[in-house]
Amino acid sequence: MKTVYDFTVKDRSGNDVSLSYYRGKVLLIVNTATGCGFTPHYEPLEAMYKDLKDKGFEILDFPCNQFANQAPDSDEEIHQFCTLKFGTEFPQFSKIEVNGENADPLFAFMAEQKPFEGFGKGIKNAALNKFAQMNNKNFGDKAYIKWNFTKFLIDREGNVISRFEPTVDMEDVRKAVEAAL
């Protein structure tokens, strides 16, 4: 059976990184953007990383510019922004596409394992859903990810066990990570 360990991604310098390097760790894989309303998620993500990395936890950050042009900068500029503004220390990879014909195979795989089930209830979530639908029309059935800061939780065997939309409270994400550890 296929796991995330079967995938290779590019680091910020364009070098191949096999995700098998992370074998045995609990992973939270996130598509991010520096100009998004959810960009403040970097703060609780970094706090979680600092608290749990010694227990076998890693966050893998993949910037993406496919949602309302919210990550237009270079990989290095994005990295500088994240480290200076939020003090991030977790691994950040090269900018990718998560939807469409050029969607990164890792994200297509994870979304196949845990498909989108909605942003939740409430006016804010309904507004995001409408905005995401307009944005994702370009991708048709290849709109695997609906917005920035979608998070996938991976167990120590490389299996996708949970998907968290950006509207999910970060405390709930943390609780799921701690349970997986």
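About the thresholds
- Residues numbered from 1 in each chain as written.
- Predicted model: local features only at pLDDT ≥ 70, side-chain atom pairs only at ≥ 80, totals over all residues.
- Heavy atoms only, no water.
- Buried < 20%, exposed > 50% of the residue type's maximum accessible area, 1.4 Å probe, protein only.
- Helix = DSSP H or I, 4+ residues; strand = E, 2+ residues; numbered from the N terminus.
- Pairing = 2+ DSSP bridges.
- Right-handed = clockwise from strand over helix to strand, strands pointing away.
- Axes fitted to C-alpha atoms, helices over the stretch in contact; angles between N-to-C directions.
- Contact = heavy atoms within 4.5 Å.
- Polar contact = N/O pair within 3.5 Å; in protein donor to acceptor, adjacent residues only side chain to side chain.
- Parallel < 35°, antiparallel > 145°, perpendicular 65-115°, else oblique.
- Left-handed = near helix turned anticlockwise from the far one by under 90°.
- Nonpolar A, V, L, I, M, F, W, Y, C, P; charged D, E, K, R; others polar.

## Section: the pairing of strand β3 (residues 26–32)
Most of β3 is tucked away: 7 of the 7 residues are buried. Here 7 bridges tie β3 to strand β4 (residues 57–63), and the two strands are oriented parallel to one another. When the sheet's bridge partners are listed, Val30 is paired in β4 with Asp61. Assessed by its sense of winding, the connection that carries the chain from β3 through helix α1 (residues 42–52) to β4 is right-handed. The pairing of β3 with strand β5 (residues 151–154) spans 4 bridges and is classified as antiparallel. By the bridge assignment for β5, Val30 is matched with Lys151.

## What to know about the sheet that holds β4
Spatial ordering of the open sheet is given by β4-β3-β5-β6, a layout of 4 strands whose pairing is mixed. Every other strand in the sheet has two partners, leaving β4 and β6 (160–164) as the edge strands with one partner each. The average undirected angle you get between the axes of adjacent strands in this sheet is 20 degrees. Looking at chain direction, β5 and β6 are connected through 4 bridges and run antiparallel. Residue pairing across strands places Lys151 opposite Phe164, the latter belonging to β6. Along the sheet, helix α3 (residues 105–113) contacts β3, β4, β5 and β6; its crossing angle with β3, the most-contacted strand, is approximately 110 degrees.

## Focus on α3
Listing the buried residues of α3 in full gives Leu106, Phe107, Ala108, Phe109, Met110 and Ala111. Of the surrounding secondary structure, the elements contacted by the buried residues of α3 are β1 (8–10), β3, β4, β5 and β6. Put simply, Asp104 is the residue that caps the front of α3, since its side-chain oxygen is 2.8 Å from the backbone nitrogen of Leu106.

## A closer look at the side chain of Thr3
Secondary-structure assignment places Thr3 in the segment before β1. Here Thr3 falls in the buried class, since its relative accessible area comes to 11%. Discounting chain neighbours no more than four positions away, the residues touching Thr3 are Phe109, Glu157, Gly158 and Asn159.

## Topic: the pairing of β5
Judged by which residues are buried, β5 turns out to be covered on both faces: Lys151 and Leu153 on one side and Phe152 and Ile154 on the other are all buried. Between the end of β5 and the start of β6, which pair antiparallel, lie 5 residues, with Gly158 showing a positive phi angle near 90 degrees.

## Some words on the packing of α1 against helix α5 (residues 170–180)
Two elements in contact, α1 and α5, have axes whose closest approach is 11 Å; the angle formed by their N-to-C orientations is 25 degrees. Taken together, α1 and α5 sit at an angle that is classed as roughly parallel. For α1 against α5, the interelement crossing comes out right-handed. Facing Pro44, Leu45, Ala47, Met48, Asp51 and Leu52 of α1, the residues of α5 in contact are Met170, Val173, Arg174, Val177 and Glu178. Its residues assigned to classes, the contact of α1 with α5 comprises 8 nonpolar, no polar and 3 charged.

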